[in-house]
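Structural characterization, general
What follows is the residue order along each chain.
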Amino acid sequence: SLPLWLTIALGFVMAGTLGNLYDRLGLHGLKGADGQPIRAVRDFIYFKIIEWPIFNFADSFLVTGAIMLIVHAFWSDVSASGAQRVVEGFGDLKR
């Protein structure tokens, strides 16, 4: 089973991806003046205190998940024997 940290990180990445895809495909039902679905990601979070790009929750989830994956990659406690078992497991797929 996956560690909780990795599960949450991958959940954030998936949530961000699906959220932006939902907007990009126009599934929200909003239509432009021409009656066509609006196929754009809606950004609405803006910090006026500092000049920062406008973003949305999906962007936040993607970035948070990516940072968590990077942290996991550098600080996870994977032993050499564990890595060897993974490599050997891929060998079983060839058979």
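Summarised in this report is the structure supplied together with it. Since the structure is predicted, the reported quantities are computational estimates derived from the model, not experimental observations.

1. Quick notes on the packing of aromatic side chains
Scanning all chains against the criterion turns up two aromatic pairs. Between the aromatic rings of Phe 12 and Phe 61, the centroid separation amounts to 5.5 Å while the plane-to-plane angle is 5 degrees, which identifies the pairing as stacked. Taken together, the residues Phe 12 in helix α1 (residues 4–24) and Phe 61 in helix α2 (residues 57–75) connect sequence positions 49 residues apart.

2. Comments concerning the packing of α1 against α2
Working note: a packed helix pair is described by the angle between its axes plus the distance between those axes. In the contact formed by α1 and α2, the axes pass within 7 Å of each other and the chain directions differ by 150 degrees. One way to sum up the angle between α1 and α2 is to call them roughly antiparallel. Here α1 runs over α2; the crossing is left-handed. For the pair α1 and α2, contact is made by Trp 5, Leu 6, Ile 8, Ala 9, Leu 10, Phe 12, Val 13, Ala 15, Gly 16, Thr 17, Gly 19 and Asn 20 and by Ala 58, Asp 59, Phe 61, Leu 62, Thr 64, Gly 65, Ala 66, Met 68, Leu 69, Val 71 and His 72, respectively. Looking at the contact of α1 with α2 residue by residue, the class counts come to 15 nonpolar, seven polar and one charged.

3. Observations concerning a nonpolar patch on the surface
On the surface, Trp 5, Val 63, Ile 67, Ile 70, Val 71, Phe 74 and Trp 75 cluster together into a nonpolar patch covering about 790 Å² of accessible area. Sort the elements by how many residues they give to the nonpolar patch and α2 lands first, with six residues. Position of Val 63 among the secondary structure elements: in helix α2.

Reading guide: rules and limits
- Residues numbered from 1 in each chain as written.
- Predicted model: local features only at pLDDT ≥ 70, side-chain atom pairs only at ≥ 80, totals over all residues.
- Heavy atoms only, no water.
- Phe/Tyr/Trp six-rings, centres within 6.5 Å; stacked < 30°, edge-to-face > 60°.
- Helix = DSSP H or I, 4+ residues; strand = E, 2+ residues; numbered from the N terminus.
- Axes fitted to C-alpha atoms, helices over the stretch in contact; angles between N-to-C directions.
- Parallel < 35°, antiparallel > 145°, perpendicular 65-115°, else oblique.
- Left-handed = near helix turned anticlockwise from the far one by under 90°.
- Contact = heavy atoms within 4.5 Å.
- Nonpolar A, V, L, I, M, F, W, Y, C, P; charged D, E, K, R; others polar.
- Patch = residues over 30% accessible without salt bridge, like charges linked within 9 Å, V, L, I, M, F, W, Y side chains within 5 Å.
- Areas by Shrake-Rupley, 256 points an atom, 1.4 Å probe, with all protein chains shown as cover.
- Salt bridge = Lys/Arg side-chain N within 4 Å of Asp/Glu carboxyl O.

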